[in-house]
Amino acid sequence: MDLASLRAQQLELASSVIRDDRFISDPPDLIGGADVGFEQGGEVTRAAMVLLKYPTLELVEYQVARIATTMPYIPGFLSFRETPALMAAWQQLSHKPDLLFVDGHGISHPRRLGVASHFGLLVDVPTIGVAKKRLCGKYELPSSEVGALAPLMDKDEQLAWVWRSKARCNPLFISTGHRVSLQSALGWVQRCTQGYRLPEPTRWADAVASERPAFTRLAAKMPHIR
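Here is what the cut-offs are and how they apply
Residues numbered from 1 in each chain as written. Predicted model: local features only at pLDDT ≥ 70, side-chain atom pairs only at ≥ 80, totals over all residues. Heavy atoms only, no water. UniProt positions renumbered as here; feature names shortened; annotations may be inferred. Helix = DSSP H or I, 4+ residues; strand = E, 2+ residues; numbered from the N terminus. Buried < 20%, exposed > 50% of the residue type's maximum accessible area, 1.4 Å probe, protein only. 1 Å grid on protein atoms, 1.4 Å probe; cavity = no way out; pocket = protein on both sides within 12 Å on 5 of 7 lines; lining within 4 Å. Points joined across faces, edges and corners; volume = space filled by probe spheres on them. Nonpolar A, V, L, I, M, F, W, Y, C, P; charged D, E, K, R; others polar. Expected span 1.5 Å × (residues − 1). Polar contact = N/O pair within 3.5 Å; in protein donor to acceptor, adjacent residues only side chain to side chain. Salt bridge = Lys/Arg side-chain N within 4 Å of Asp/Glu carboxyl O. Pairing = 2+ DSSP bridges. Axes fitted to C-alpha atoms, helices over the stretch in contact; angles between N-to-C directions. Contact = heavy atoms within 4.5 Å.

- An unreviewed UniProt entry lists the chain under the name Endonuclease V, with Kluyvera genomosp. 3 as the source organism.
- Reading the Cofactor (unreviewed entry) entry of the UniProt record for the chain gives the comment "Mg(2+)".

Side note on the UniProt feature "site: Interaction with target DNA" (unreviewed entry) in the chain
- In the numbering adopted here, UniProt assigns the feature "site: Interaction with target DNA" (unreviewed entry) to Tyr73.
- Tracing the sequence through the fold places tyrosine 73 in the loop between β3 (58-68) and α2 (78-92).
- Of the residues examined, tyrosine 73 reaches a relative accessible area of 53% and is grouped as exposed.

So, the layout of surface pockets
- Each pocket or cavity is described by its volume, and for the largest pocket that value is around 550 Å³.
- Lining the largest pocket are 22 residues, with Leu78, Glu82, Asp103, Gly104 and His105 sitting closest to its centre.
- The class makeup of the residues in the lining of the largest pocket is ten nonpolar, six polar and six charged.

What about helix α1 (residues 3-14)?
- In this model, α1 (twelve residues) spans 16 Å end to end at C-alpha, consistent with the 16 Å of a helix rising 1.5 Å per residue.
- Two to three positions downstream of the cap, the backbone nitrogen of alanine 4 sits 3.3 Å from a side-chain oxygen, assigning the N-cap of α1 to aspartate 2.

Considering the pattern of salt bridges
- In the structure shown here, the tally under the stated rule is ten salt bridges.
- Among the ionic pairs, glutamate 157 bridges to arginine 19, the shortest N-O distance being 2.6 Å. Taken together, the residues glutamate 157 in strand β7 (residues 157-163) and arginine 19 in the loop between α1 and β1 (30-39) connect sequence positions 138 residues apart.
- Since its relative accessible area comes to 34%, arginine 19 is described here as partly exposed.

Points about the sheet that holds strand β8 (residues 172-178)
- As summarised here, the arrangement of the eight strands in space is β3-β2-β1-β4-β5-β8-β7-β6, forming an open sheet in which the pairing is mixed. Either end of the sheet is taken by a strand with one partner, and the two such strands are β3 and β6 (149-154). The sheet shows a mean angle of 25 degrees between the axes of neighbouring strands, taken without regard to direction.
- Each of β1, β2 (44-53), β3 and β4 (99-103) is contacted by α2, which is oriented at about 130 degrees to β3, the strand it contacts most.
- Its contacts with the sheet place helix α3 (residues 115-123) against β2, β4, β5 (127-131) and β8, and it is angled at close to 25 degrees to β8.

Shown next, in the form of structure tokens:
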């Protein structure tokens, strides 16, 4: 694995990320959610994509793609491992979203190219990174009340918002993926959060990918959704 080449690719791609608002439709009609996991000891990459109608946040479509994993896990290069399965799931969608939430980092990455930025560039759609853990940068832990905020900083540059979405839960790291400003990324995640730790787009993507009970109940009641 030529990490020097991958690092150079990351830096080149990162320079193309658009960090201000270039929405397709504002407000969006469809908001997507994406989540990636691994099966069979990492040999299979699984990507789930969901579409939610805005503003009701009703699930209207979901797709799951499973492909052979193309590269090993290497910290800092996860997007190269995840984007092939994301693209496979994306291509299965009957409609494409106006805005996409990705479970992972956007610009809050050592070379400013987490999976949300990498995939956002590939499909050229406004994309937001919603990550559960810090990858780089420093922050002060937000206070315990719901809605508390702190900036994630690295070398005097703000890379993300650290936002406490739910009481007694660890905060989320919300960043620009592509074609969305930091402020708008935070605003859209807040608008799409309904009492759970995760915003609805990535919560449903995770539920679909993991076949959680909430999803299996809905799928049984609404077999037309796929």
